[in-house]
Amino acid sequence: MRDGGPLGRAGLVLLLMAAGAGARPRPAAPGDQPRYNVVLVACDSLDGRLTFFPGNQTVDLPSINFMKRHGTVFLNAYTNSPICCPSRAAMWSGLFTHLTESWNNFKGLDPDYVTWMDLMEKHGYHAQKFGKLDFTSGHHSVSNRVEAWTRDVNFLLRQEGRPMVKLTGHRKQFRVMKKDWQTTDKAVNWIKAEAVNFTQPFVLYLGLNLPHPYPSPYAGENFGSSTFLTSPYWLEKVNYEAIKIPKWSSLSEMHPVDYYSSYTKNCTGEFTKEEVKNIRAFYYAMCAETDAMLGEIISALRDTGLLGKTIIIFTADHGELAMEHRQFYKMSMYEGSSHVPLLVMGPGVREQQQIPNVVSLVDIYPTMLDIARIPVPQNLSGYSLIPLLHEKAESEASPRGPRPSWVLSEFHGCNVNSSVYMLRMGKWKYITYSDGSSVLPQLFELTADPDELTNVAIKFPVTVYSLDKILRSIVNYPKVSSSVQEYNKQQFISWKQSLGQNYSDVIANLRWHQDWLKDPEKYENAIDKWLGK
């Protein structure tokens, strides 16, 4: 632990760099450009709107601000699926969720899937990964997967503990999320002990758990993660006066899928304004701690003289609602959940650039290959960000032509009782469900309604028709929804059969146990009816 907190030396380094001490070398002559090092820092659950105005007024994020001053921020970057494993599967594969069939936190990529890092290593890069990966199949709790499989069952059960805050430590304690700090230390030590000696370029990935909420053991044996935990040190970085208390619709006015999400996330009870404000404040404080870890990586690169030879990318798998729309967590297409941070700095990247184009995490794969000068496969869903970063005409830079003017996100997991598809295009966000007809769609005009409080789908039927037509040209979403429903049933049947006589006891004591145990027979019958028995 250093004196003065994690930004002590890092802060000094950033000031020196801002004054020109970290000046980058001149670009090499065309045809002789070096292959740059790449560092990707990916955190968990950081709302991308915190990286630019007005969201950035709520909390001090000096490392992110540094990347903005010396690089580029994307103002409209989105996850391709707002939940951990499917989102990361998209980022590591460059393919949309329906193409990899990464339906939930249990169903991701195959372990032998060829990622962008595999290709970079094959082409001479030193490759190193530290921390949270979470893009392959077989992970997360039994509760998590069973809740996803049974989302079409006709019952409503709370699957999470009530969101709460917890203050820990003292005003000088900055290492709250110790696991992430240990992972960050490993990455820093690797940069200083190994990367500095390489004669070939390297690619480094650092995966952080923050600012994902912490587990809530008080909720019972199979608890979820509904605790926003921080120390006074980080809470002091939050501007309480700038915290916005989100407006909520009444429970009776909520979209039916939103109501299901809010109920299963244990958010339909009463919350005081002070409770909501504290949850948001503690979440922002957790973002500040995440930012400090990014700062440690920047400092290590500066200390070793590698900063001028390295492209740094910072992003997240998804955002965090933090009580917007009467929900916490993700699993939603609302901005707090689906909008991710995306910042890039390094050689050849314009400084103080803000890019309004819609982009998404599938763009990471072709971007990494572009940086490494590796031919980009033509079957990817994503497009390289390099033309945008360099302000080149994309039709000249890519044989596929210009990138689309839309991004796609989809969700098939727990806490939502329908497959969900989101098309973000221009000022519009179009959200449709299941087969496109059984559940009402949503349409938001984000320029006029950034908080997404007014569904204007009925008001603009022509726009809905046009956007739905584009969406169906990208993915046959009714067919995908049907495939997911069949997958869920088959997975549940296999799981149930594997338990034998223990089935009733096991299913009753998952995260929904507080509700299930009130009437076990009722809920087992509902499942039997769903299975067609």
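Rules used throughout
Residues numbered from 1 in each chain as written. Predicted model: local features only at pLDDT ≥ 70, side-chain atom pairs only at ≥ 80, totals over all residues. Heavy atoms only, no water. Helix = DSSP H or I, 4+ residues; strand = E, 2+ residues; numbered from the N terminus. Rg over C-alpha atoms; globule rule 2.2 N^0.38 Å. Buried < 20%, exposed > 50% of the residue type's maximum accessible area, 1.4 Å probe, protein only. Contact = heavy atoms within 4.5 Å. Areas by Shrake-Rupley, 256 points an atom, 1.4 Å probe, with all protein chains shown as cover. Lys, Arg positive; Asp, Glu negative; His and termini not counted. Charge placed at Lys NZ, Arg CZ, Asp CG, Glu CD. 1 Å grid on protein atoms, 1.4 Å probe; cavity = no way out; pocket = protein on both sides within 12 Å on 5 of 7 lines; lining within 4 Å. Points joined across faces, edges and corners; volume = space filled by probe spheres on them. Nonpolar A, V, L, I, M, F, W, Y, C, P; charged D, E, K, R; others polar. Axes fitted to C-alpha atoms, helices over the stretch in contact; angles between N-to-C directions. Parallel < 35°, antiparallel > 145°, perpendicular 65-115°, else oblique. pLDDT = per-residue confidence, 0-100. Pairing = 2+ DSSP bridges. Polar contact = N/O pair within 3.5 Å; in protein donor to acceptor, adjacent residues only side chain to side chain. Core = buried A, V, L, I, M, F, W, Y, C linked by side-chain atoms within 4.5 Å. Expected span 1.5 Å × (residues − 1). Salt bridge = Lys/Arg side-chain N within 4 Å of Asp/Glu carboxyl O.

## Describing the overall build of the chain
- Helix and strand counts for the chain come out as 19 helices and 13 strands.
- Taking 24 Å as the expected radius of gyration for a compact globule of 533 residues, we find that the chain reaches 23 Å, a close match to that expectation.
- Its C-alpha atoms give the chain principal-axis dimensions of roughly 70 × 55 × 50 Å.
- The proportion of buried residues among the 533 residues of the chain is 59%.
- In the chain, the share of contacts with a sequence separation of at least 24, taken over all contacts with a separation of at least 6, comes to 75%.
- As displayed, the chain has an accessible area near 21500 Å², and 51% of this comes from carbon and sulfur atoms.
- In the chain, the 55 positive side-chain charges and the 53 negative ones have mean positions that sit 3 Å from each other.

## Brief notes about empty space enclosed by the protein
- For the structure on display, the rule yields 1 cavity of 30 Å³ or more.
- Reported here for the largest cavity is a volume of approximately 90 Å³.
- Along its surface, the largest cavity is lined by 14 residues, and Asp258, Met331, Ser332, Met333 and Tyr433 are the ones closest to its centre.
- Looking at the lining of the largest cavity, the elements with two or more residues in it are helix 9 (256-264) and strand 12 (428-433).
- Ranked by residue count, the leading element in the lining of the largest cavity is helix 9, at 3 residues.
- Considering only residue class, the lining of the largest cavity consists of 9 nonpolar, 4 polar and 1 charged.

## Section: the packing of helix 2 (residues 62-69) against helix 10 (residues 273-303)
- Relative to each other, helix 2 and helix 10 sit at 55°, their axes nearing to 7 Å. Classed by the angle they form, the pair helix 2 and helix 10 counts as oblique. Listed contacts from helix 10 to Pro62, Ser63, Ile64, Phe66 and Met67 of helix 2 are Asp291, Leu294, Gly295 and Ile298.
- Taken together, the residues of the contact of helix 2 with helix 10 sort by class into 6 nonpolar, 2 polar and 1 charged.

## Details of the confidence of the model for the chain
- Confidence in the prediction of the chain, expressed as mean pLDDT, is 91, and 92% of residues score 70 or more.
- Of the regions scoring below 50 in pLDDT, residues 1-31 engages in 47 contacts with residues more than four places distant in sequence or in other chains.

## A look at the sheet that holds strand 1 (residues 37-43)
- Across the sheet, 7 strands lie side by side as 3-5-1-7-8-2-9; this open sheet has mixed pairing. Strand pairing shows two members of the sheet lacking a second neighbour, strand 3 (126-131) and strand 9 (353-360), which therefore form its edges. Sheet twist, expressed as the average angle between the axes of neighbouring strands with direction ignored, equals 15°.
- Two strands pair when backbone bridges link them, and strand 1 and strand 7 (residues 310-316) are joined in this way by 7 bridges, in the parallel orientation. When the bridges of strand 7 are listed, Val38 appears paired with Ile311.

## With respect to the side chain of Arg88
- Note on placement: Arg88 falls in helix 3 (residues 84-93).
- When its relative accessible area of 0% is taken as the criterion, Arg88 is described as buried.
- A distance of 3.2 Å separates the side chain of Arg88 from the side chain of Asp317, its partner in a polar contact.
- Discounting chain neighbours no more than four positions away, the residues touching Arg88 are Cys43, Asp44, Lys132, Leu133, Asp134, Phe135, Tyr205, Leu208 and Asp317.

## A word on the nonpolar core
- The biggest cluster of nonpolar side chains holds 86 residues, and the ones touching the most others in it are Trp234, Ile297, Leu301 and Phe314.
- For this core, the element with the most residues is helix 10, which contributes 17 residues.

## Comments concerning helix 10
- Over its 31 residues, helix 10 extends 45 Å from the first C-alpha to the last, a length consistent with the 45 Å expected when each residue adds 1.5 Å.
- For helix 10, a buried count of 24 out of 31 residues is recorded, marking the element as mostly surrounded by other parts of the structure.
- Residue Gly305 follows helix 10 closely and has a positive phi angle near 75°.

## A few points about the pattern of salt bridges
- All told, the structure shown has 21 salt bridges when counted by the stated rule.
- Residue Asp47 pairs with Arg49 through a salt bridge whose shortest N-O separation is 2.7 Å.
- Residue class for Asp47 comes out buried when judged on its relative accessible area of 6%.
- Judged by its relative accessible area of 17%, Arg49 is buried.
- Members of the salt-bridge network, linked through shared partners, are Asp44, Arg88, Lys132 and Asp317.

## Quick word on the environment of Asp180
- Within the secondary structure, Asp180 sits in helix 7 (residues 178-193).
- Each C-alpha atom, one on Asp180 and one on Pro111, is 24 Å from the other, the two residues being 69 residues apart in sequence.
- Apart from the residues within four sequence positions on either side, Asp180 is in contact with Leu208, Asn209, Leu210 and Met293.

## Overview of the sheet that holds strand 10 (residues 406-411)
- If you walk across this open sheet you meet the 4 strands as 10-11-12-13, and the pairing is antiparallel. Two strands bound the open sheet, and with one partner strand each, they are strand 10 and strand 13 (442-445). Neighbour-to-neighbour, the strand axes of this sheet turn through a mean angle of 15°, independent of strand direction.
- Relative to strand 11 (residues 420-425), strand 10 runs antiparallel, the two being bridged by 6 bridges. Counted as the bridge partner of Leu408 is Leu423 from strand 11.

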